[in-house]
Amino acid sequence: MWQPDGWGQTRIGVLTPHADIVPEAEFNALAPDGISIHAARIPFGGYRPGGTMDPTVANDPVRAFADPPAVDDAAEMLAMAPLHAIVFGFSSSSYVRGAADDATLKSRLEARTRGIPVVVPCAAAAAALGALSATKVALISPPWFSTEMDQKGVAYFGSQGLEVVYSGPASLPSNQQAIEPDQLYDWVRSHVPTNAEGVFIGGNGFRAIGVIKALEESLGRPVLTANQVAFWCALRLSGTRAPVRNYGRIFEFDLPRS
């Protein structure tokens, strides 16, 4: 008799840059029945009205995005809703600020979220690679990352005991709204070396989850993306085992015990 109304028994929040439409779109695509997505937007100095940005994003606004008070206040307000986990949807700040700062950010935000766990995507990626027993990783950065920022990503994962066997910004249009899945699929498939045990496609604003299944079938290796691993981690922390199909092997795994 009743029609679906979007009600979620498990509710995932996401903190996202004010003009970024990708994290919400991909979370909604990943979410099985009974999971709802709720977003809060935070000002990011790299965006112009309509979601356009410079072809190469600068380090300073990326670093500033994780500074108090804007993100802390947004986390506190979002946590007023009855959520089960909250994702900090901005992986580039992890590259610029480092893994130790990720841990500090997580603790700082959780002090404002009434005990609701906060997921930081790059930390979730490291956990996912651990769950998959993948220690050699190919790191694919968005086209708007500079070579310097990409190398900071190499240093980030190196600090987590992982070996980055390939890295580089994808040579695709440096425009979030212009990238099509076939372009990303062809780029990744042609650049991942045979010794990579897994692939991580960074950038929560990088439209990427649609190619995961096809890439895993083609490469024969697990493929991770920033939004996928963040959603996987958020689901596990929320205590739900709702199945997510066709978006990667990682959803078959639990979080590694710390």
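Please refer to the structure higher up on the page.
**Here we look at the side chain of asparagine 204**
Position of asparagine 204 among the secondary structure elements: in the loop between strand S7 (198-201) and helix H9 (212-219). Among the polar contacts made by the side chain of asparagine 204, one reaches the main-chain amide nitrogen of phenylalanine 90 at a distance of 3.4 Å. Within polar-contact distance, the side chain of asparagine 204 engages the backbone nitrogen of serine 91 at 2.9 Å. Sequence-distant contacts of asparagine 204, that is, excluding residues within four places in its chain, are made with Asp20, Val22, Pro23, Gly89, Phe90, Ser91, Pro121, Ala226 and Asn227.

**Description of the packing of aromatic side chains**
Within the structure shown, the criterion is met by 11 aromatic pairs. Ring centres 5.7 Å apart and planes at 80° place the aromatic pair tyrosine 95 and phenylalanine 145 in the edge-to-face group. Within this pair, whereas tyrosine 95 is found in helix H4 (residues 92-97), its partner phenylalanine 145 is found in the loop between strand S5 (136-141) and helix H7 (147-158), the two being separated by 50 residues in sequence. Here the two residues tyrosine 95 and phenylalanine 145 agree in accessibility, since each one is buried.

**Looking at the sheet that holds strand S8 (residues 223-225)**
Pairing in this open sheet of 4 strands is parallel, and the strands run S6-S5-S7-S8 from one edge to the other. The open sheet terminates on both sides in strands that have one partner only, identified here as strand S6 (163-169) and S8. Averaged over neighbouring strand pairs, the angle between their axes works out to 20° when direction is ignored. Across 3 bridges, S7 lies against S8 in parallel orientation. Each bridged residue has a counterpart across the sheet, and for phenylalanine 200 the counterpart in S8 is leucine 224. Contacts between helix H10 (residues 226-238) and the sheet are confined to S7 and S8, with S8 contributing the most and set at about 85° to the helix.

Conventions and cut-offs
Every chain is numbered independently, its residues counted from 1 as its sequence is written. Totals for whole chains, interfaces and linings use every residue, but because this is a predicted model, local features are given only for residues with pLDDT of at least 70 and side-chain atom pairs only at 80 or more, for both listing and counting. In computing side-chain values, all of the structure's heavy atoms are included and hydrogens and water are not. The way it works is that DSSP assigns letters per residue, a run of H or I at least four long becomes a helix, a run of E at least two long becomes a strand, and they are numbered from the N terminus. What qualifies as a polar contact is a pair of N or O atoms within 3.5 Å, subject to a donor-acceptor requirement within protein and to the restriction that residues adjacent in sequence count only when both atoms come from side chains. Residues are treated as being in contact if the distance between any of their heavy atoms lies within 4.5 Å. Each aromatic pair joins two rings of Phe, Tyr and Trp (for Trp, the six-membered one) with centres within 6.5 Å, and gets the label stacked for planes under 30 degrees apart, edge-to-face for over 60, and tilted for any other angle. Only protein chains enter the calculation, and the probe is 1.4 Å; a residue is then buried if its accessible area is under 20% of its type maximum, exposed if over 50%, and partly exposed in between. Two strands pair if DSSP finds at least two bridges between them. Whenever a helix is involved, its axis is fitted only over the stretch in contact; in every case the axis is a line through C-alpha atoms, and angles between N-to-C directions fall within 0 to 180 degrees.

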